[in-house]
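Summary of structural features
Chain by chain, the residues run as shown.
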Amino acid sequence: MVIQALDLTKKYNPKVAALNHISLSIDTGIFGLLGKNGSGKTTLMRIITTLLTPTNGTVSILGMEATKANQEEIKRNIGYLPQEFGFYKDFTVSEIMQYMCLLRGTEKSAQKTIIQNALEKVNLTGHSKKKYKQLSGGMKRRVGLAQAIMHSPPILIVDEPTAGVDPEERINIRKLLGTYAENHAVLFSTHIVEDIEYTCNQLAVLDGGNLLFTGALDELLNLADGKIYEGVFDTLAQFQEFEQQYKVISFKRDGSKTRAIFISESTNMGNASLYRPSLEEAYVYLTTRREQQ
């Protein structure tokens, strides 16, 4: 395994665990880390990148335990795009990349080629002379990706790379990550279920610092199979009364009727019919089940 986390716990104070006994195995390809804000995703990634030390548990990166003794070697093998990537607003794209080369100790003779290759991969070759303040939100994220993959690290960790970008840029970023993941390990953190659905084969679901699920997307869908129903209500009042008793995932008006997708553990739901859930509906089922435990 490229990354192996065993029984990770992180407490910022004695009463609250940001991570609670998390164990994960991550290999080549895109591994999705799904959860709402505050679920522990960023804390986990900061531990893997050695920016944070766990309270308990261990992390192995490319066979190296994430300790101070191995910190520099681990950092050389990881490209990291944090959720908030910012830079000096008057620097050009090219100057940003040169600066990142200096921080990494890249030989001057190799910088030009490395920068050109990275900008080409993220489709920013024609924008190298633009200042950072002139870039769109999506282009700024691509600059962040360029600096993260510049030295072709075997591990790429990206935190909410599609947050706040338009649909076209989101697709571009997904494609970039998919291409990079053909020969590398990519840990892709997001709260956007669609991003996971279109890019990942394996994922983990975090909620409140707890690991609710890890495995293949099909396995998560199977967990919710038989628990999601579709019901049709003749009046809005009937639907509103029903909504007080069941977790409704979504609903829409259908003429004078209301059509709803909802969760139920019961197998006797009258006129409601079983519904094959999407990944988003399976995710809602998983988090709702934990809330009810």
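Structure shown above.
Residues numbered from 1 in each chain as written. Predicted model: local features only at pLDDT ≥ 70, side-chain atom pairs only at ≥ 80, totals over all residues. Heavy atoms only, no water.

1. Section: the sheet that holds strand S3 (residues 29-34)
Taken in spatial order, the six strands of this open sheet run S6-S7-S8-S3-S9-S10, and their pairing is mixed. With one partner strand each, in any of the chains shown, strand S6 (78-81) and strand S10 (210-216) form the two edges of the open sheet. When the angles between neighbouring strand axes are averaged without regard to direction, this sheet yields 15°. Direction of pairing for strand S9 (residues 202-207) relative to S10: antiparallel, over a ladder of six bridges. Across the sheet, the residue bridging to Leu203 is Gly215, located in S10. (Pairing = 2+ DSSP bridges. Helix = DSSP H or I, 4+ residues; strand = E, 2+ residues; numbered from the N terminus. Axes fitted to C-alpha atoms, helices over the stretch in contact; angles between N-to-C directions.)

2. Observations regarding the environment of Glu230
Inspection of the secondary structure puts Glu230 in strand S11 (residues 228-233). When the C-alpha positions of Glu230 and Ile263 are compared, they lie 8.9 Å apart, and in sequence the two are 33 residues distant. Excluding residues that lie within four positions of it along the chain, Glu230 makes contacts with Arg259, Ala260, Ile261, Phe262, Ala272, Ser273 and Tyr275. (Contact = heavy atoms within 4.5 Å.)

3. Describing the nonpolar core
Judged by nonpolar contacts, the single largest core of 53 residues is most densely connected at Leu177 and Val186. Beyond its immediate chain neighbours, meaning those up to four positions away, Val186 contacts Gly29, Ile30, Phe31, Leu156, Val158, Leu177, Tyr180 and Ala181. (Core = buried A, V, L, I, M, F, W, Y, C linked by side-chain atoms within 4.5 Å. Buried < 20%, exposed > 50% of the residue type's maximum accessible area, 1.4 Å probe, protein only.)

4. Here we look at the pairing of strand S2 (residues 16-26)
Strand direction decides the pairing type here: strand S1 (residues 3-13) and S2, joined by seven bridges, are antiparallel. Looking at the pairing, Leu8 lines up with Ile22 of S2. In this antiparallel pair of consecutive strands, S1 and S2, the connection spans two residues.

5. Focus: unusual backbone geometry
A positive phi angle, near 50°, is found at Leu62, a position not held by glycine. We classify Leu62 as partly exposed; its relative accessible area is 36%. Its identity as a non-glycine residue notwithstanding, Glu160 has a phi of 50°, on the positive side. Secondary-structure assignment places Glu160 in the loop between strand S7 (155-159) and helix H6 (167-180). Judged by relative accessible area, Glu160 falls into the buried class, the value being 1%.

6. Some details on the environment of Thr267
Here Thr267 is to be found in the loop between strand S13 (257-263) and strand S14 (273-274). A relative accessible area of 75% places Thr267 in the exposed class. Sequence-wise, Thr267 and Gly226 are 41 residues apart; in three dimensions their C-alpha atoms are separated by 7.9 Å.

7. Description of the pattern of salt bridges
Overall, the coordinates contain twelve salt bridges when judged by the stated rule. For Glu160, the salt bridge is made with Lys41, and the minimal N-O distance between the two is 3.7 Å. Remark: Lys41 occurs in helix H1 (residues 41-48) and Glu160 occurs in the loop between S7 and H6; sequence separation between them is 119 residues. Between Lys133 and Asp90 there is a salt bridge, and its shortest N-O distance comes to 2.9 Å. Remark: Asp90 occurs in the loop between S6 and helix H3 (93-104) and Lys133 occurs in the loop between helix H4 (108-121) and helix H5 (137-149); sequence separation between them is 43 residues. With relative accessibility at 39%, the residue Asp90 sits in the partly exposed group. Through salt bridges that share partners, Arg174, Glu194 and Asp195 make up one connected network. (Salt bridge = Lys/Arg side-chain N within 4 Å of Asp/Glu carboxyl O.)

8. Concerning the sheet that holds S13
Neighbouring strands of a sheet are bound in pairs by backbone hydrogen bonds; such pairs are parallel or else antiparallel. Spatially, S12-S13-S11-S14 is the arrangement adopted by the four strands of the open sheet, whose pairing is antiparallel. Since the sheet does not close on itself, it has two edges, and those belong to strand S12 (247-254) and S14, each with one partner. Inspection of the sheet shows S11 paired to S13 by six bridges, in the antiparallel sense. Across the sheet, Gly231 pairs through a bridge with Ala260, a residue of S13. Packing of helix H9 (residues 236-243) onto the sheet brings it into contact with S11, S12 and S13, and relative to S12 it is tilted by some 170°.

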